[in-house]
Amino acid sequence: DAVEAELQTKLRQLEKDIESAKAAAAEATKAKIEEAKAAEAMVANLKKEIEKEVALRTEVMKGKEMLEASFQGKVDQLQLEQKQISTTRASADKEIAAKNQELKKME
């Protein structure tokens, strides 16, 4: 009877230990699941931030390209105007020279 009682006591203790281990494992599993969910949320937020950053940089690059094209257009326009001014000036210089020759002949 004493051996059986001792075995019963050890059995009950083992059952309690098993239940405690199960509870601890369940708590640890729950904690790990919560950590994983938090990590997933962080990754999702980081992805969103990266996507926003990429979109912003793309928009900035498009704006830069538009500005460059606009400036190039202005440069081209100014160069054309400069050529027109040079042509007009050369024509005016020729006309002035011709008028000066005409005046010299009249004198």
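Report on the accompanying structure. Bear in mind that the values here come from a model prediction, so they are computed numbers and not experimental data.

**Section: the overall build of the chain**
Right, so step 1: Scanning the chain from terminus to terminus reveals one helix and zero strands.
Right, so step 2: Computed over the C-alpha atoms, the radius of gyration of the chain is 46 Å, more than 25% above the 13 Å expected from 2.2 N^0.38 for a compact globule of 107 residues.
Right, so step 3: Dimensions along the principal axes, computed over C-alpha positions, put the chain at roughly 155 × 10 × 10 Å.
Right, so step 4: In the chain, which comprises 107 residues, the proportion classed as buried is 0%.

**What about the pattern of salt bridges?**
Right, so step 1: By the definition in use, this model includes six salt bridges.
Right, so step 2: The shortest N-O distance in the salt bridge between Lys32 and Glu35 comes to 3.9 Å. With Lys32 and Glu35 both in helix α1 (residues 2–106) and three residues apart, this pair spans about one turn of that helix.
Right, so step 3: Taking relative accessible area as the criterion, Lys32 reaches 55% and is therefore assigned exposed.
Right, so step 4: Glu53 serves as the salt-bridge partner of Arg57, at 2.9 Å between the closest nitrogen and oxygen. Here Glu53 and Arg57 lie together in helix α1, a separation of four residues that amounts to about one turn.
Right, so step 5: The exposure class of Arg57 is exposed, given its relative accessible area of 55%.
Right, so step 6: Classification of Glu53 by relative accessible area gives partly exposed; the value is 36%.

**Things to note about the environment of Leu103**
Right, so step 1: Within the secondary structure layout, Leu103 lies in helix α1.
Right, so step 2: Residues Leu103 and Val54, spaced 49 residues apart in sequence, show a C-alpha to C-alpha distance of 72 Å.

**Focus on the environment of Leu11**
Right, so step 1: Structurally, Leu11 can be placed in helix α1.
Right, so step 2: By relative accessible area, Leu11 is classed as partly exposed at 41%.
Right, so step 3: Separated by 15 residues in the primary sequence, Leu11 and Ala26 have C-alpha atoms spaced 22 Å apart.

Definitions and cut-offs
- Residues numbered from 1 in each chain as written.
- Predicted model: local features only at pLDDT ≥ 70, side-chain atom pairs only at ≥ 80, totals over all residues.
- Heavy atoms only, no water.
- Helix = DSSP H or I, 4+ residues; strand = E, 2+ residues; numbered from the N terminus.
- Rg over C-alpha atoms; globule rule 2.2 N^0.38 Å.
- Buried < 20%, exposed > 50% of the residue type's maximum accessible area, 1.4 Å probe, protein only.
- Salt bridge = Lys/Arg side-chain N within 4 Å of Asp/Glu carboxyl O.

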